[in-house]
2 protein chains.
Amino acid sequence: MLSIGEVSQQTGVSTQTIRYYERIKLLPEPKRAGNNYRVYSDSDVERLRFVNRARQLDFALEDIAEILAFRYQNAPPCQYVMNVMTQQITVIEERIGDLQRLRDELVNLHRVGLTMPEDIEMKQCVCHLIKTGQSNEDVNDE
Amino acid sequence: MLSIGEVSQQTGVSTQTIRYYERIKLLPEPKRAGNNYRVYSDSDVERLRFVNRARQLDFALEDIAEILAFRYQNAPPCQYVMNVMTQQITVIEERIGDLQRLRDELVNLHRVGLTMPEDIEMKQCVCHLIKTGQSNEDVNDE
DNA sequence: ACTTGACCTTATAGTTACTATAAGGTTTAG
DNA sequence: CTAAACCTTATAGTAACTATAAGGTCAAGT
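In this text, all values refer to a predicted model and were calculated from it rather than measured experimentally.

1. A look at helix α2 (residues 15-23) of chain B
All names here are of chain B. Buried within α2 are the following residues: I18, Y21 and E22. Along α2, the residues classed as buried sweep out an arc of 100 degrees about the axis, all on the same side. Those residues of α2 that are exposed and aimed more than 90 degrees away from the buried face are Q16 and R23.

2. Observations regarding the confidence of the model for chain A
Looking at chain A, the pLDDT average stands at 79 and 75% of residues meet or exceed 70. For chain A, the element scoring lowest by mean pLDDT is helix α8 (residues 135-140) of chain A, at 32; strand β2 (residues 38-39) of chain A scores highest, at 97.

3. Examining the pattern of salt bridges
Residue and element names in this part refer to chain A. Overall, the coordinates contain 8 salt bridges over all chains when judged by the stated rule. With a shortest N-O distance of 2.7 Å, R38 and E22 are connected by a salt bridge. Here E22 lies in helix α2 (residues 15-23) and R38 lies in strand β2, a separation of 16 residues in the sequence. Summarising the burial analysis for this pair, R38 and E22 share the class buried. With a shortest N-O distance of 2.8 Å, R101 and D98 are connected by a salt bridge. Here R101 pairs with D98, and both are found in helix α5 (residues 78-114), just 3 residues apart, close to one helical turn. For R101, a relative accessible area of 54% corresponds to the exposed category.

Cut-offs applied
- Residues numbered from 1 in each chain as written.
- Chains lettered and ligands numbered in written order.
- Predicted model: local features only at pLDDT ≥ 70, side-chain atom pairs only at ≥ 80, totals over all residues.
- Heavy atoms only, no water.
- Buried < 20%, exposed > 50% of the residue type's maximum accessible area, 1.4 Å probe, protein only.
- Helix = DSSP H or I, 4+ residues; strand = E, 2+ residues; numbered from the N terminus.
- Arc of directions from axis to C-beta.
- pLDDT = per-residue confidence, 0-100.
- Salt bridge = Lys/Arg side-chain N within 4 Å of Asp/Glu carboxyl O.

The structure is reproduced here in structure tokens:
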């Protein structure tokens, strides 16, 4: 039986966040000690660990709630979880692609900024690059 | 001279977002027509394009406001912009790394889920994988 | 003249996943 | 007996929008 602070330490989830999860019903209301402090059982901690782990996999809290609901009904959430995973993978791969393109663009702009003569750099410079939105194509491919 | 809807079409920024930018003073209050409709000049549109382009580069609105403030004072924001860019690139590269690790982990879990015998898959399955948080290491490297 | 639909206006609340703050109660060590 | 390190609740703030409500304006069609 652990206090909220102890649970926080053991799981790496802040006390604020634990209370937040309780508020949005992702975690059940724990028992209370005589002084009204929260007291957590092993199964509470296990559930929190599950939530935390799923968050690290970037599952939305809503999806996690759904999975937990399946779990509680003793229905197998497997197919659901597998579907969510497939979706997640697609979304993440798209994000990676977007970010890579963005990084290339920024690196380009930065490089152009560096190679500008100082007096121009200090007057028109990078703002112009941002503004036009064409530097990328200019430098890159066209 | 354009209406908010026309500006929206020309820039790809929703009318809601244009009003939002005005509210947080990223854009100046435009003139109004007799009917109280917003009327935008070319320079208004140019400024919005700048904001939009910077957003596409994932600059925070706060940074954009800072850059625009420099611009207005005719002070060269160059060094500031260059610094922001450098920071952005670092942050983005970290995010890409995180996401790649996450994707690998998910792909792994998904693969394990697929190769599970169906009866097990339908009872313990992926939830267990999420729960333990150890499947990744099991499958990957150790 | 009137109504329908596509515009425009403001103000306010909702989104996601937290984080921070205020204002206070409890417990333990010195 | 007081200071610290816990705990409690309630509420507001974060980023960058998006959605909703409730209404005003305008051009075209009947």
